[in-house]
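The chain contents come next:
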Amino acid sequence: MATIERTTTRGATLAERAQARALRHTRQIATLAPRWREARTVWIAFGILQGATIVVLAGHMLAGDTLGDLPLYREWAMDAFEGRGIVGIDEEWVYPLLAWLPIGFANLASAPAYLAMWIAMIGALDALALRSLLASGSTRAIIAGWAWLGMLLALAPVALLRLEGVTAPLVIVAIALLARRPWVAGALLAVATWIKVWPAALIGGALVVLHERMRILQAGLVVTAGVVVVAIALGNAGLLGSFAMMQDDRNLQLEAPLATPWVWMAMLDVRDAAVFQNVALATREVVGPLDGLAKEASTPLMLLATIAALVLAQVAVRRGADRHETLLTAALVVTVAMFACNRVGSPQYMLWILPVAVAALATVDGVAQRWWRRMTAVLLSTGLLTTIIFPIAYMALVDLQAWAVVLLTIRNVLLIVVLAAAARRMVVLAIGRSTLDAVRASRAGGLPG
């Protein structure tokens, strides 16, 4: 009997200890969980990400190397600094003139320090963007901060080493300032547009939707006038618009969503379909039957999407829709269309889209917040796929290996899904969900049984 009692007592003691350990773990988790909703934790994660970046690139920095697009940027900067000519002034350039701001800044210390200066500049801009996202301290702001870090991680090769790494944080800061300081926001958007064209989507939306349109327009005109004056002072304003003309003779880029059918044709060895190297532009392109139709349709499709989004945005605000959400939804439609309908499909184009979604997470409430969370999750997944495709699986894609082509197709289909969802959201804002449901019901009722 005593043995039974001791066994029972021991079993009870073990059960109590297990219960006590489980309770301690539960309390620890409960204590830890709220920390993920604190701005301080987001900043710690940002610091870790920046530290990891420096560690990974330290060898290249010490050796004076450059990566990604930076070798070309540094070559341009060295030529200009040493008096051998300025692209954009002495010859046509693929970028607007203010792209010289980051490209020239990174060369100020010395050519061997170019990568270190560039990474320091990108880190500072990313920190400013994160600060603007976290400013309110709300739950949605914290979610936006985590999404921003997720974007930087998922798209690290292009977020760090291309000009979009400069414009993306500038746009985040500008969106945060639109309501409080529209002139400053307009100036930032204008500067970003004169670095890479895509922020013009937000300027166009702001001029249609926001009450502060005149101050935004004034700021943009001041920045543009400054660019023209600088170009004249440097000796040639005639090439200011050359960036808009240098894409006209391009074929379908391998990764572009618009090129997907021809990539499949090339993989299946359809007559005349093939992938080839464009030596002048250092990129792979694809050709095949009727590819000229896609090239000709590219610009009209982008223009049509832009006009439709702006018209719907105007209708939406007249019907009382939230102006800020309407602006961001219209910008999402336009930026996704600029990627999905483009004959060029570079991976950095994801940085045209995600900043809009991340900024919306920080500023939009209610049902709209849930919609933007879903879109951001899809876009982050799309961004991760983009990085897997380039640079990780790029050579497999060039060789038209089936798994790489399927991966690219999934990425491109996701972009089309986001475009369709954003277009639908724009229609809902313009005509109301009840009207849309009524139209659907009437169409369903008219179908033959």
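Keep in mind that this is a model prediction, so the values were computed, not measured.

Caption draft 1: Summary view of the overall build of the protein. The number of helices and strands found in the protein is 19 helices and 3 strands. The buried share of the protein, reckoned over its 449 residues, is 48%. Pairs at least 24 apart in sequence give 73% of the contacts found in the protein among residues at least 6 apart. Working note: accessible area of the protein is about 21,100 Å², and carbon and sulfur atoms make up 66% of it.

Caption draft 2: View of a nonpolar patch on the surface. Nonpolar side chains collect at one region of the surface, where Leu303, Ile307, Val311 and Val315 lie side by side and expose about 350 Å² of accessible area between them. Residue classification places Val315 among the partly exposed residues on the basis of a relative accessible area of 35%.

Caption draft 3: Structural detail: the side chain of Glu285. Tracing the backbone shows Glu285 in strand E3 (residues 283-287). Owing to a relative accessible area of 0%, Glu285 belongs among the buried residues under this scheme. A distance of 3.1 Å separates polar atoms of two side chains, one belonging to Glu285 and the other to Asn278. Sequence-distant contacts of Glu285, that is, excluding residues within four places in its chain, are made with Arg250, Asn251, Leu252, Gln253, Leu254, Ala274, Val275, Phe276 and Asn278.

Caption draft 4: Main features of the nonpolar core. Ile103, Trp118, Trp148 and Trp372 are the most contacted members of the largest nonpolar core, which totals 122 residues. Not counting residues within four places of it along the chain, the set of residues in contact with Trp118 comprises Leu70, Tyr73, Pro102, Ile103, Ala106, Leu160, Leu161, Arg162, Leu163 and Val166. Ala256, Trp262, Tyr394 and Val405 belong to the second-largest nonpolar core, a separate cluster that totals 22 residues.

Caption draft 5: Layout of the environment of Pro257. Note that Pro257 resides in the loop between strand E1 (252-253) and helix H12 (260-267). The class for Pro257 is buried, based on a relative accessible area of 9%. If we ignore the near neighbours within four places in the chain, the residues touching Pro257 are Phe339, Ala340, Asn412 and Leu415.

Caption draft 6: Representation of the pattern of salt bridges within the structure. Scanning the model with the defined rule gives 9 salt bridges in all. Of the charged contacts in the structure, one is a salt bridge between Glu82 and Arg84, with a shortest N-O distance of 2.4 Å. A relative accessible area of 47% means that Glu82 is categorised as partly exposed. Where Glu285 meets Arg250, a salt bridge forms, and the shortest distance between an N and an O atom there is 3.7 Å. With Glu285 in strand E3 and Arg250 in the loop between helix H11 (213-234) and E1, this pair connects stretches of sequence that are 35 residues apart. Where salt bridges share partners, they join Asp79, Glu82 and Arg84 into one cluster.

Caption draft 7: Fine view of the pairing of E3. In this structure, E1 lies alongside E3, joined through 2 bridges in antiparallel fashion. Bridge pairing links Leu252 to Val286 in E3. The turn linking strand E2 (residues 274-278) back onto E3 is made up of 4 residues, and Ala282 within it adopts a positive phi angle of 55 degrees.

Caption draft 8: Local environment of the sheet that holds E2. Read across the open sheet, the 3 strands follow the order E1-E3-E2; overall the sheet is antiparallel. Each end of this open sheet is capped by a strand with a single partner; those strands are E1 and E2. One ladder, built from 5 bridges, connects E2 with E3; its direction is antiparallel. Paired with Asn278 across the two strands is Thr283, which belongs to E3.

Caption draft 9: Expanded view of the environment of Arg318. The topology assignment puts Arg318 in helix H13 (residues 291-318). With 109 residues separating them in the primary sequence, Arg318 and Val209 have C-alpha atoms 9.2 Å apart.

Caption draft 10: Spatial organisation of helix H3 (residues 70-81). Its 12 residues give H3 an end-to-end C-alpha distance of 16 Å, which sits within 8% of 16 Å, the value for a rise of 1.5 Å per residue. Considered for burial, the residues of H3 that qualify are Leu70, Tyr73, Arg74, Trp76 and Ala77. Taken down its axis, H3 places every buried residue within 160 degrees of arc, on the same side. Buried-residue contacts for H3 involve helix H4 (100-105), helix H5 (114-134) and helix H7 (156-161).

Caption draft 11: Structural detail: the environment of Glu82. With respect to the secondary-structure elements, Glu82 resides in the loop between H3 and H4. Here the side chain of Glu82 touches Arg84 through a polar contact of 2.4 Å, side chain to side chain.

Caption draft 12: Helix H8 (residues 164-177), seen in detail. When the terminal C-alpha atoms of H8 are compared, their 20 Å separation across 14 residues agrees well with the 20 Å that a helix rising 1.5 Å per residue should span. Of all 14 residues that make up H8, 13 are buried, and the element is covered over most of its length.

Caption draft 13: Highlighting the packing of aromatic side chains. This structure, assessed with the given rule, holds 14 aromatic pairs. Considering the side-chain rings of Tyr114 and Trp118, the 6.4 Å spacing of their centres and the 15 degrees angle between planes classify their relative orientation as stacked. Taken together, the residues Tyr114 and Trp118, both in helix H5 and 4 residues apart, mark about one turn of the helix. Like Tyr114, the residue Trp118 is buried in the burial classification. When the ring of Phe339 is compared with that of Tyr349, the centres are 5.5 Å apart and the planes differ by 80 degrees; the resulting orientation is edge-to-face. Highlighted residues: Phe339 in helix H14 (residues 323-340) and Tyr349 in the loop between H14 and helix H15 (350-363), separated in sequence by 10 residues. The rings of Tyr73, Trp76, Trp93, Tyr95, Trp100, Tyr114 and Trp118 are connected pair by pair, giving a single aromatic cluster.

Rules used throughout
- Residues numbered from 1 in each chain as written.
- Predicted model: local features only at pLDDT ≥ 70, side-chain atom pairs only at ≥ 80, totals over all residues.
- Heavy atoms only, no water.
- Helix = DSSP H or I, 4+ residues; strand = E, 2+ residues; numbered from the N terminus.
- Buried < 20%, exposed > 50% of the residue type's maximum accessible area, 1.4 Å probe, protein only.
- Contact = heavy atoms within 4.5 Å.
- Areas by Shrake-Rupley, 256 points an atom, 1.4 Å probe, with all protein chains shown as cover.
- Patch = residues over 30% accessible without salt bridge, like charges linked within 9 Å, V, L, I, M, F, W, Y side chains within 5 Å.
- Salt bridge = Lys/Arg side-chain N within 4 Å of Asp/Glu carboxyl O.
- Polar contact = N/O pair within 3.5 Å; in protein donor to acceptor, adjacent residues only side chain to side chain.
- Core = buried A, V, L, I, M, F, W, Y, C linked by side-chain atoms within 4.5 Å.
- Pairing = 2+ DSSP bridges.
- Expected span 1.5 Å × (residues − 1).
- Arc of directions from axis to C-beta.
- Phe/Tyr/Trp six-rings, centres within 6.5 Å; stacked < 30°, edge-to-face > 60°.

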